[in-house]
Amino acid sequence: SLRNAPPLDELLVDWILLFSDQRSHDLPKGLNQRMLLLLNHLRQKRCLLVLDNAETILQAGKKAGHFREGFEDYGQLIQRIGDSRHQSCLLLTSREKPRQIGVLESESGPVRTLQLAPISVGAGQAILQDRGLVGSDESWPALVDRYSGNPLALKLMAETIREIFLGDIGKF
């Protein structure tokens, strides 16, 4: 998870140790060398790497798809994994697309994007009703729309609505 925005170097060390059966004495010192070693592991072993919540390392505001200061190396990692031949997969989840993805993606190539549609009001209502929430016919669409049909955001907010507003969406 990138929710706490770990530096890329720490993440690379974790991945390399995982692939090398925890032999830390083989770790190269520089970031570039660590990326090369990771790519070597991705060629030798078939695996799935997941970077969840990538939006936390991207700049908010004007420069959509650009990395925050200090996290630009993630763009280099994405570029190198996307450009290299290997038997593994990097799955990136994010509310916005890093610009490196846009350059690499194609319909039939190894780099692709899938944009998920927001869930419907009915699906949002089904998710939230089992959490004890109640509301009028007008409040359900307003709630789902407020969170852009994002199921995780709705689930997270459901607890607050339940605790503070006694489950009443209208009061929220």
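What counts, and where the lines are drawn
The numbers attached to residues start from 1 for each chain and follow its sequence in the written order. Only residues with pLDDT of at least 70 are given local features in this predicted model, and only at 80 or more are side-chain atom pairs given and counted; all residues enter the totals for whole chains, interfaces and linings. Hydrogen atoms and water are omitted, and side-chain values are computed over all heavy atoms in the structure. Helix and strand assignments come from DSSP, with helices taken as H or I runs of at least 4 residues and strands as E runs of at least 2, each series counted from the N terminus. The globule rule used for comparison is 2.2 Å times the number of residues to the exponent 0.38, while the radius of gyration itself is calculated over C-alpha atoms. Throughout, nonpolar core names a set of buried Ala, Val, Leu, Ile, Met, Phe, Trp, Tyr and Cys residues whose side chains join them through atoms within 4.5 Å. Each residue is assigned to one of three classes by its accessible area relative to the maximum for its type, calculated with a 1.4 Å probe on protein chains only: buried under 20%, partly exposed between the two thresholds, exposed over 50%. Pairs of residues are marked as contacts when any of their non-hydrogen atoms sit within 4.5 Å. For the purposes of this analysis, a disulfide is any pair of cysteine sulfur atoms at a distance within 2.5 Å. When a carboxyl oxygen of Asp or Glu lies within 4 Å of a side-chain nitrogen of Lys or Arg, that pair is called a salt bridge.

**Student:** How do you make sense of the overall build of the protein chain when you look at a structure like this?
**Tutor:** Across its full length, the protein chain holds 7 helices and 2 strands. When its helices and strands are written in sequence order, the protein chain yields α-α-β-α-β-α-α-α-α. Against the 2.2 N^0.38 benchmark of 16 Å for 172 residues, the protein chain shows a C-alpha radius of gyration of 20 Å, more extended than a compact globule. Dimensions of the protein chain along its principal axes, counting C-alpha atoms only, are 60 × 35 × 30 Å.

**Student:** Honestly, the nonpolar core in this entry has me stumped. Any pointers?
**Tutor:** Soluble globular proteins tend to bury their nonpolar side chains together. Counting 30 residues, the largest nonpolar core has Trp15, Leu38, Leu42, Tyr74 and Leu77 as the members making the most contacts within it. For this core, the secondary structure elements donating two or more residues are helix H1 (8–19), helix H2 (31–44), strand E1 (48–51), helix H3 (72–83) and helix H4 (99–104). If one sorts the elements of this core by residue count, H1 sits on top with 8 residues. If we skip the residues at most four places from it in the chain, tyrosine 74 touches Leu2, Pro6, Pro7, Leu8, Leu11, Leu51, Ile57 and Phe67. In this structure, Leu128, Leu154, Ala158 and Ile169 belong to the second largest nonpolar core, which totals 10 residues.

**Student:** It is not clear to me how the state of the cysteines should be interpreted in this structure. Could you clarify?
**Tutor:** Each disulfide is one covalent bond, formed between the sulfur atoms of two cysteines. For the structure shown, the criterion picks out 0 disulfides. Cysteine 47 takes part in no disulfide bond, and the closest cysteine sulfur, belonging to cysteine 89, lies 8.9 Å away. Relative accessible area serves as the criterion here: at 17%, cysteine 47 is assigned to the buried category. Take cysteine 89: its relative accessible area is 40%, and that puts it in the partly exposed class.

**Student:** Got a minute to help me understand unusual backbone geometry in this structure?
**Tutor:** With the exception of glycine, most residues fall at negative phi, and the peptide bonds are largely trans. In this structure, alanine 5 takes a positive phi of about 50 degrees despite not being glycine. Its location among the elements puts alanine 5 in the segment before H1.

**Student:** How do you make sense of the pattern of salt bridges when you look at a structure like this?
**Tutor:** One side chain can pair with another of opposite charge once the charged atoms of both are near each other. In the structure shown here, the tally under the stated rule is 4 salt bridges. Note that glutamate 55 is salt-bridged to arginine 95, the shortest N-O span being 3.5 Å. Here arginine 95 lies in the loop between strand E2 (89–92) and H4 and glutamate 55 lies in the loop between E1 and H3, a separation of 40 residues in the sequence. Classification of glutamate 55 by relative accessible area gives buried; the value is 16%. Here glutamate 159 ties to arginine 162 by a salt bridge, and the two come within 2.8 Å at their closest N and O atoms. Placement of both glutamate 159 and arginine 162 in helix H7 (residues 151–164) is noted, with a separation of 3 residues, approximately one turn of the helix. Of the residues examined, arginine 162 reaches a relative accessible area of 38% and is grouped as partly exposed.

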